[in-house]
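Residue-level structure breakdown
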Amino acid sequence: MGTTNGSGSSLGSGPVSADALRSSFLDFFAAREHAVVPSASLIPHDPSLMFTVAGMVPFKPYFVGDEVPPYQRAVSSQKCARAGGKHNDLDDVGRTKRHLVFFEMLGNFSFGDYFKSEIIPWSWELVTQGWGFDGDRLWITVHDTDDEAEAIWHEVVGVPMERIQRLGDKDNFWQMGDTGPCGPCSEIHIDRGPAFGPEGGPLHDPAGDRFMEFWNLVFMQFDQASDGTRTPLPKPSVDTGAGLERILALVQGVDSVWETDLMQPLLDTACSLTGRRYVVGDYADRDSFAMRVLAEHARSATMLVSDGVFPSNEGRGYVLRRILRRAVRFAFMLGTDRLVMPDLAATAVDVMGNAYPDVVRNRDFIQGVLAREEERFRHTLRTGLGILDTELETGATLTGSTAFLLHDTYGFPLELTQEIAAERSIDVDLEGFSVEMAAQRERAKAARKDAAGGGGLVEAHREVLEQFGTTEFVGYRADECDARVVAVLNTTAPDGSDAVEIFLDSTPFYAESGGQVGDTGTIWSSSGRAEVLDTTFALPNLRRHLAVIVDGEFAVGDTVTARIDVARRSAIRRNHTGTHVLHWALRHVLGDHVKQAGSHVGPDRLRFDFSHYASLTDAEVAAIERLANAETLSNAPVRAFETTKDEAETLGAIAFFGDKYGDIVRVLEAGSSVELCGGTHVSATGDIGTIKIVAESSIGSNLRRIEAVTGEASVALLQRDEAVLAEVASLVGSTTADVVDGVRRRLDEVKALNDELKQLRAQLAVGRASEIAATATDGIVVTRVDGLAPGDLRELALAVRQSGVRRCVLIGETNTGGVGLVAAVDAGEGVEAAALIRDAAKAVGGGGGGKGDVATAGGKDVAAIDTALTIAREAATPS
């Protein structure tokens, strides 16, 4: 299929691999002055998205004008995932020839540089000359208003008019949202032949089976206002997207993505693990369907875990858990008892490792995460089947709520539940299931709406950015600076009181990011004074000072002095550098699979969340503390410097979760720790002081959290603990050095006294038992005994029974202020002890129980004890 064209982008002759196809796209545009941008993570920085769903997602801030792009042209092969929320292909995987959860999007981008007259001929050149597609089989669609694109395709490229079709907004117009950049699209389709459908072009093939679309060119040329009007952009842009897997199937000459070199090795592994045969092209064969699910979901899960997504019950982690459950469920249905995900993941790593070396480095960790999740779900799957079996025994119809419970909690698809029920001639309440499902969707929709909601100040922030640019940050080298006020916006403080957002042209205030809290401090001038409560980013690199004006006023253009709370910042510095040192120590003790999953660096303490599959032992915590404090004692210099991202990776720098990095990054060297970080730090590790871990806990499946203190907080903690230790030593009559032995001696004394007390109570019970037994009538005693603990009351009742009483009921006010009831009967009486006090317990506002010859109960209403005694006498007297 490949022919050379001199551009360095030809696929050449011989078998075409996915790696070769990916490189051909990147090389083609690199030769045309595009910056080759590595794929961003599957976890997007855009909070409105669950996953990176398209190639343009990492570039969105450039298209909407929030950030200035560092290049005018870019090209990438972007990792994408569509599962959950608006973009969801999960349920279609395995049923069609093209749907995948994980896929790669080839894309080239122009940020106000070139436009239609360049990208349209380039795309034709790459497709026909680089990839060798027959131009006579290619069809083009344009928006029904886009005369310009149609003319270029026909007059410049030479596509006949009969193979150019116009479509409306639904198919060929792209919008980022209700407002903002938008524009027409032009799509390239290939005619796969009569075997795939009738003639007529894409216009008459909405499913795209015969005329398959494989590259979409988006022309961002308008700005849409809230009233729907569209204004031409002064610098139109280009965003294109082409699915790697879809094009790979075309260049490899196979019918679907499943037969490509990306998916075939995974299918082979699935066949080997399950012992089943895969039938190419048979979409009715259930075994083949199951194997496609296993292959795709193993690759998706591998890539998601490698990028830091872990199975959980929320957000991305829940979607990953659903993906894994779907795969494991099909393996279970195929009769496979052994774990399948670790081996499938190993194959996925082999397939994807050349393009994404991170998955190779993370191989062992990925396999471990998937293995533990599969083991857990196989147990859940059996439990769900048990619930289903029980429910199917109760009636002729399985309730919709039960079917939904199995679907939502245990991962059972409705079809599986219906199939099992049909084997017993039982129907499933589909209407009830739909009601439950609709309610869940409404809850999810409301949650997404809440998450996506934004403030009314966004447009004002953009106006500030457009008019004055970003804020110069001088806080790495200064605690105070003179600055000019560029904007003051009214807002509210967290407590609901009036506040303002102050924007300066430069500031020493660090804005919250990378886990580090924002600075507080003071901004003042000759005309006013404001206390800064927090500092955050209103937009990228636009720092917002949330403040309360305590005196005077502030106006745009004022010259002010901005000064941070230096003591607070110093404490934050210690904790932030301490976080880096702890991260290094954690990886050294627990393993390289440890990855940061979040952090909080404040002035009082630090919190560090990380991936790990087990709670830390005391020995591990001690080892981590020893390593971390050895670093502080070394008093090594802390050095922060900027370099290229590639050079930072060569130095072994580790990226922190949640931070966003460009081509130039800031590296922090703190002793043995080398990290990428934009935060503020101490000048030497000794400035951190003592690092002390104060808490370790689980925050989710495969996620742990440690909390620690440094510097003055460590000293305060030590002083507090010493004071507590001294007080304990004083209470037990020992020195602090001997406090453990002193406490042990006191505990031994308490145990001896309790044993002695127990013996005395037993003796007392025997004595009182004789007195109570002497009052029996026909071997029955029902009487009141106050002042005993519930356990002692029980022992007394047993002692009375031992004295020859057939039926004994004791009721009284206990030493804790409640009501205690005990019944003891002789084994030959033929009545359970609980029957003697059941109604009596209700009379005192309580309950209890027991089986056989002894029963206990309790209550709260002491005033009703006499009533309870009367009821108990009636119950104890034979009828």
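Residues numbered from 1 in each chain as written. Predicted model: local features only at pLDDT ≥ 70, side-chain atom pairs only at ≥ 80, totals over all residues. Heavy atoms only, no water.

Let's shift gears to the overall build of the chain. The number of helices and strands found in the chain is 24 helices and 32 strands. Here the chain has a C-alpha radius of gyration of 36 Å; the compact-globule value for 879 residues is 29 Å, and the former is much larger. With respect to the principal axes defined by its C-alpha atoms, the chain has extents near 120 × 85 × 50 Å. Residue burial in the chain is summarised as follows: out of 879 residues, 50% are buried. For the chain, the exposed area adds up to about 39700 Å²; of that, 49% sits on carbon and sulfur atoms. Positive and negative side-chain charges of the chain, numbering 85 and 127 respectively, have mean locations separated by a distance of 4 Å. (Helix = DSSP H or I, 4+ residues; strand = E, 2+ residues; numbered from the N terminus. Rg over C-alpha atoms; globule rule 2.2 N^0.38 Å. Buried < 20%, exposed > 50% of the residue type's maximum accessible area, 1.4 Å probe, protein only. Areas by Shrake-Rupley, 256 points an atom, 1.4 Å probe, with all protein chains shown as cover. Lys, Arg positive; Asp, Glu negative; His and termini not counted. Charge placed at Lys NZ, Arg CZ, Asp CG, Glu CD.)

So, about the pattern of salt bridges. The final tally for this structure, using the stated rule, is 48 salt bridges. Residue Arg338 pairs with Asp343 through a salt bridge whose shortest N-O separation is 2.7 Å. Taking relative accessible area as the criterion, Asp343 reaches 32% and is therefore assigned partly exposed. The salt bridge involving Arg639 is made with Glu669; its shortest N-O contact spans 3.3 Å. With Arg639 in strand β22 (residues 638-644) and Glu669 in strand β24 (residues 664-670), this residue pair connects regions lying 30 residues apart in the sequence. Look at Arg639 and you get partly exposed, because its relative accessible area is 43%. (Salt bridge = Lys/Arg side-chain N within 4 Å of Asp/Glu carboxyl O.)

Let us look at the sheet that holds strand β27 (residues 703-709). Sheet architecture is open: 4 strands sit in the order β20-β21-β27-β26, paired in antiparallel fashion. Edge positions in the sheet fall to β20 (596-601) and β26 (692-700), since each has one partner strand and no second. Mean inter-strand twist for the sheet, computed between neighbouring axes without regard to direction, equals 15°. Here β26 runs beside β27; their pairing, made up of 7 bridges, is antiparallel. Along β27, the bridge assignment pairs Ser697 with Arg705. (Pairing = 2+ DSSP bridges. Axes fitted to C-alpha atoms, helices over the stretch in contact; angles between N-to-C directions.)

A separate point is the pairing of strand β9 (residues 230-243). Direction of pairing for strand β3 (residues 102-110) relative to β9: antiparallel, over a ladder of 4 bridges. Across the sheet, the residue bridging to Leu106 is Ala242, located in β9. Note: strand β8 (residues 211-224) against β9, 8 bridges, orientation antiparallel. For Gln224, the partnering residue across the bridge sits in β9 and is Arg230. The antiparallel hairpin formed by β8 and β9 contains 5 residues in its connecting segment, where Gly228 sits at a positive phi of about 95°.

Pairing is antiparallel around the closed barrel formed by 6 strands, whose spatial order is β13-β14-β18-β17-β16-β19. Direction aside, the axes of adjacent strands within the sheet are offset by 45° on average. Direction of pairing for strand β16 (residues 521-524) relative to strand β19 (residues 559-564): antiparallel, over a ladder of 4 bridges. Bridge pairing in β19 links Thr522 to Arg563. Strands β13 (480-492), β14 (498-504), β17 (528-539) and β18 (542-552) of the sheet are contacted by helix α16 (residues 458-468), whose axis makes an angle of about 150° with β13. (Contact = heavy atoms within 4.5 Å.)

Interpretation of the predicted coordinates at a detailed level should be avoided for regions scoring low in pLDDT. In this model, the chain carries an average pLDDT of 87, and 94% of its residues clear a pLDDT of 70 or more. Confidence drops under a pLDDT of 50 for residues 1-8, and excluding neighbours within four residues, the segment shows 22 contacts in the predicted structure. Per-residue pLDDT stays below 50 along residues 447-455; that stretch engages in 1 contact with residues further than four places along the chain or on separate chains. (pLDDT = per-residue confidence, 0-100.)

It is worth spelling out the packing of aromatic side chains at this point. Each aromatic ring pair is described using two quantities: the centre-to-centre distance and the angle formed by the ring planes. For the structure shown, the criterion picks out 27 aromatic pairs. For the pair Phe63 and Phe111, a centre-to-centre distance of 5.1 Å together with 50° between the ring planes defines the contact as tilted. Pair noted here: Phe63 is in helix α2 (residues 60-63) and Phe111 is in the loop between β3 and α3 (116-130), with a separation of 48 residues, a long-range link. Both rings, one in Trp131 and one in Phe133, keep their centres 6.2 Å apart while their planes meet at 55°; by these two values the pair is tilted. Taken as a pair, Trp131 and Phe133 share a single burial class, namely buried. Linked through ring pairs, Phe25, Phe28, Phe29, Tyr114, Trp122, Trp131, Phe133, Phe214 and Trp215 together constitute an aromatic cluster. Taking the ring centre of Phe196 as reference, the NZ or CZ of Arg192 above it sits at 4.1 Å. Sitting over the ring of Tyr476, Arg666 keeps its end group 3.6 Å from the ring centre. (Phe/Tyr/Trp six-rings, centres within 6.5 Å; stacked < 30°, edge-to-face > 60°. Lys NZ or Arg CZ within 6 Å of the ring centre and 35° of its normal.)

Quick look at the nonpolar core now. One finds Phe133, Trp153, Phe214 and Trp215 to be the most contacted residues of the largest nonpolar core, which totals 123 residues. Among the elements that line this core, the one with the most residues is helix α8 (residues 286-306), at 11 residues. Every residue in contact with Phe214, bar those within four places of it in the chain, is listed here: Val127, Phe133, Leu138, Ile188, His189, Ile190, Gly241, Ala242, Gly243, Arg246, Ile247 and Leu250. If you look at the next biggest cluster of nonpolar residues, it comprises 24 residues, including Trp584, Phe610, Ile624 and Cys677. (Core = buried A, V, L, I, M, F, W, Y, C linked by side-chain atoms within 4.5 Å.)

We now examine the pairing of β8. Within β8, 11 of the 14 residues are buried, which leaves it mostly tucked inside the rest of the structure. Where strand β7 (residues 180-191) meets β8, 10 bridges bridge the pair, whose relative direction is antiparallel. By the bridge assignment for β8, Pro181 is matched with Asp223.

Another point: unusual backbone geometry. One non-glycine residue, Ser425, adopts positive backbone phi at about 60°. Among the secondary structure elements, Ser425 is positioned in the loop between α14 (414-422) and β11 (427-428). The exposure class of Ser425 is exposed, given its relative accessible area of 66%.

Among the structural elements, Ser123 can be located in helix α3. Between the C-alpha atom of Ser123 and that of Ile426, which follows or precedes it by 303 residues, the distance is 57 Å. If we ignore the near neighbours within four places in the chain, the residues touching Ser123 are Trp153, Ile188, Trp215 and Leu217.

Our focus in this paragraph is the side chain of Thr141. Relative to the helices and strands, Thr141 is located in strand β4 (residues 138-143). With a relative accessible area of 0%, Thr141 lands in the buried category. Reaching out from Thr141, the side chain makes a polar contact with the side chain of Asn172 at a distance of 3.3 Å. Leaving out residues up to four positions away in the same chain, Thr141 has contacts with Gln165, Leu167, Asn172, Cys185, Ser186, Glu187, His189 and Pro202. (Polar contact = N/O pair within 3.5 Å; in protein donor to acceptor, adjacent residues only side chain to side chain.)

Before going further, it helps to spend a moment on the packing of helix α1 (residues 18-30) against helix α6 (residues 244-251). The contact between α1 and α6 brings their axes to 10 Å, and the two run at 110°. Taken as axis vectors, α1 and α6 run roughly perpendicular relative to one another. Classified by chirality, the crossing of α6 by α1 is right-handed. The residues of α6 that touch α1, namely those facing Ala18, Leu21 and Arg22, are Leu244, Ile247, Leu248 and Val251. (Parallel < 35°, antiparallel > 145°, perpendicular 65-115°, else oblique. Left-handed = near helix turned anticlockwise from the far one by under 90°.)

Moving on: a negative patch on the surface. The grouping of Asp646, Glu647, Glu649 and Asp663 at the surface amounts to a negative patch. The topology assignment puts Asp646 in helix α19 (residues 645-650). (Patch = residues over 30% accessible without salt bridge, like charges linked within 9 Å, V, L, I, M, F, W, Y side chains within 5 Å.)

This brings us to the state of the cysteines. This structure, assessed with the given rule, holds 0 disulfides. Looking at Cys182, it has no disulfide partner, and the nearest cysteine sulfur is the one in Cys185, 10 Å off. Judged by its relative accessible area of 1%, Cys182 falls in the buried class. (Disulfide = S-S within 2.5 Å.)

Bringing the environment of Gly180 into the picture now. Mapped onto the secondary structure, Gly180 falls in strand β7. On the basis of relative accessible area, Gly180 is assigned to the buried category, the value being 13%. Between the alpha carbons of Gly180 and Ile366 there is a distance of 40 Å; along the sequence they are 186 residues apart. Beyond its immediate stretch of four places on either side in the chain, Gly180 contacts Phe222, Asp223 and Gln224.

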